[in-house]
There are 2 protein chains.
Amino acid sequence: MSANPEFLIVQAAKKQPVSRRPVWLMRQAGRYMPEFRAIRAKVDFLTLCDTADLVVEVTLQPVDQLGIDGAIIFSDLLIPARDMGADLEYVKGEGPVIHNPIRHHDDLKSLKDPDPSEDSPALGTAISMLQKQLEPSIPVLGFTGAPWTTAAYMIEGGGSRNYIQIKEMMYKAPETFFALLDKVVPVLVRYLDYQVRAGVRMVQIFDSWAGNLSHSDYRHYALPATQAVVQGFKALHPEVPLILYVGNSGHILEATAESGADVLSLDWRVDLKDAARRVGDKVGFQGNLDPVRLFSTADDVEAQVKALLQDFDWKTGHVFNLGHGILPGTPVENVKRLVETVKRYG
Amino acid sequence: MSANPEFLIVQAAKKQPVSRRPVWLMRQAGRYMPEFRAIRAKVDFLTLCDTADLVVEVTLQPVDQLGIDGAIIFSDLLIPARDMGADLEYVKGEGPVIHNPIRHHDDLKSLKDPDPSEDSPALGTAISMLQKQLEPSIPVLGFTGAPWTTAAYMIEGGGSRNYIQIKEMMYKAPETFFALLDKVVPVLVRYLDYQVRAGVRMVQIFDSWAGNLSHSDYRHYALPATQAVVQGFKALHPEVPLILYVGNSGHILEATAESGADVLSLDWRVDLKDAARRVGDKVGFQGNLDPVRLFSTADDVEAQVKALLQDFDWKTGHVFNLGHGILPGTPVENVKRLVETVKRYG
């Protein structure tokens, strides 16, 4: 690796000139790939996240097979919450379950202030190993959950349809809610910092669920904590681009653009040109093909990717991605065609 | 009832001068109410929908208890689909299940062209009975599903998280998808027409799931069929206001405003002032308090309703509602406070 490698994906995120638009895919390592399923048949999800050799193996699977431009570290949004004391289990068919959800102010007392190098060392070890194994042009990418989404899991005790528990706390016990965010924010900054010190060259914050909030609730209950994470991170690593993904954020684009993130990752619902019109060119964009489009034919996938690239014709400041993670059952050949098409026409 | 009764809710929907803003609530008859649960303990959901006396009873429950301005007929989005031949069952804890989903072009052959007066006579009978029992100032409101949402249930075979089946059909077998819409559209118009002839004074079309579509997919696969229903209905009943609810539509507001609907019903995510700025004053608005806000304290509910009324200060053209249906577990006293507050400050 050269002393100052020029990663395509980092350059695009910083809006520097690029030879073509880069591409990586949310959940590019995942159940749609038979090689991933073979490993998951042997170990449970959290054991996989905690075993550096296996993390390296599954992180490399899509890089080797798809030829994408970045290797996002295989991990889980809820690792920081787990290390804070959430009793996390992945229940087959149900997803994450936290057996000790935060419901009362007293529940905050038992939360720990974790150190990723002690509590989740596989994360850093795997990043260091990957850096040595990857081609010099491919960076490792890091990530964490956003404060609101992390708090939602911790309060709801898992996924949710209507977010009644977290909203009830926001509205009826705001001091408890904000005290939880105050504990979560520095932990998330620390987990991002840890990943950068281990070798990642770009990070993404996932606010998967905050799009459920009304415009005014997002600004009051979610955005300030996200801004605090971004500011904390940027104070430590001003040169590392930061992407913010807020799922279902068509109604709060302008607010998310005030987060301090360099790039907004948009889901497939939003038209990228509309987004740029609303938000301006102060941020870059990532996205945003509908992941379900990958269930179409390979030729249709190619046509849709080309149409998206032509319609949103930014020469830089655009990182190609899906609007959400790759779904189980997605045909691998269609994912390959997507990557090939971006590399040819991006 | 006078020969030409002036229903507050109809006047507001038509942007005529009103003494105050009207209020009704999606799913105002439902499981949050003990009287409703007492009836549901005795009969299953579809039997309830098919029994005119019981429909009248549950439709009147919120009118009697809450003092709202409109009595939406108790029925189900999937009644037209059921009458077309969908083998519909409500499975406890799962919601609607259709045992014979549409997956192939040949599946369209068995679809029937139903007549609501023969296939679902309880709907019309209950509307006529309600008209006689309600105070003269309270209209009965009718509804139906929108074509895309109706088709989604028929193709997916129930609710869905990612809409893979319907999208796969849209992308890989568009002729089958559009042929299904061609069958659904006239049925939906007929069920709306039937309700108006039985006595409803305003109708709402629910496109609960179309907000999952990207902007371009919404315009291509959903909006034209919605427009066809609106045009078909308006040709029959130009004087009856029509409201369109598209769940999660912050990214497609401008498109939904082209539907021909008189009023757009928005979910809680969107700020109504933002919506009016984007769409203009060619339509009215309905909404849009977060239904989960009703899990807060009664005083907070009152404060939030007042804030919404002050922030969005249209004198007419605004029908107060929630941004989605009332959830099971919602405290009844908070729903009452909401209605009182709109009536006092609207």
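Refer to the structure above for everything that follows.
Engineer: Give a detailed account of the relation of the copies chain A and chain B, specifying residues and quantitative values.
Structural biologist: When chain A is fitted to chain B, the best match, at an RMSD of 0.0 Å, comes from turning it 180° and sliding it 0.0 Å along the axis. Both copies are brought into coincidence by an operation consistent with a two-fold rotation axis. Proximity to the rotation axis, assessed at the C-alpha, singles out A:Gly250 in chain A; its C-alpha lies 2.7 Å from the axis. Comparing contact sets, 100% of the residues at the interface of chain A also lie at the interface in chain B, consistent with an isologous, same-surface contact.

Engineer: An account of helix α4 (residues 52-66) of chain B is needed here, citing residue identities and associated values.
Structural biologist: Residues and elements named next belong to chain B. For α4, which comprises 15 residues, the first-to-last C-alpha distance of 22 Å matches the rise-based estimate of 21 Å (1.5 Å per residue) to within 8%. By the largest-angle criterion, Leu60 marks the main kink of α4, which is about 30°, and a proline, Pro62, follows within four residues. Of all 15 residues that make up α4, 11 are buried, and the element is covered over most of its length. Residues of α4 that are buried include every one of Ala52, Leu54, Val55, Val56, Val58, Thr59, Leu60, Gln61, Pro62, Val63 and Leu66, and no others. Taken from the residues just after α4, Gly67 is the one with a positive phi, measuring 70°.

Engineer: Can you tell me about the sheet that holds strand β4 (residues 140-145) of chain B, naming the residues and giving the values?
Structural biologist: All names here are of chain B. Strand order in the open sheet formed by seven strands is β1-β4-β5-β6-β7-β8-β9, and the pairing between neighbours is parallel. Sheet topology places β1 (71-72) and β9 (318-322) at the edges, where each strand pairs with a single neighbour. The pairing of strand β7 (residues 263-265) with strand β8 (residues 284-289) spans three bridges and is parallel. In the strand pairing of β8, Val263 is matched with Gly284. Each of β4 and β5 (202-207) is contacted by helix α10 (residues 174-198), which is oriented at about 170° to β4, the strand it contacts most. On the sheet, helix α11 (residues 215-236) packs against β5 and β6 (242-246) and is oriented at approximately 160° with respect to β6.

The rules behind the values
Numbering of residues starts from 1 in each chain and follows the order in which that chain's sequence is written. Lettering for chains starts from A, numbering for ligands starts from 1, and both go in the order in which the items are written. For a predicted model such as this one, the threshold for reporting local features is a pLDDT of at least 70, and the threshold for listing and counting side-chain atom pairs is 80 or more; totals across whole chains, interfaces and linings nevertheless cover every residue. No hydrogens and no water enter the side-chain calculation; it runs on all heavy atoms of the structure. Least squares is the method used to superpose the copies, on C-alpha atoms of residues holding a pLDDT of at least 70 in both. In this description, contact between two residues means that some pair of their heavy atoms is separated by no more than 4.5 Å. Under the DSSP-based scheme used, a helix requires at least four consecutive residues in state H or I and a strand at least two consecutive residues in state E, with every element numbered from the N terminus. To estimate the expected span of a helix, subtract one from its residue number and multiply by 1.5 Å. Throughout, bend refers to the angle between the axes fitted to the seven residues that end at a position and the seven residues that start at it. To sort residues, take the accessible area from a 1.4 Å probe on protein chains only and compare it with the maximum for the residue type: under 20% means buried, over 50% means exposed, and anything in between is partly exposed. Being paired, for any two strands, means DSSP has found at least two bridges between them. Only the stretch in contact is used when fitting a helix axis, every axis being a line fitted to C-alpha atoms; angles between N-to-C directions are given from 0 to 180 degrees.

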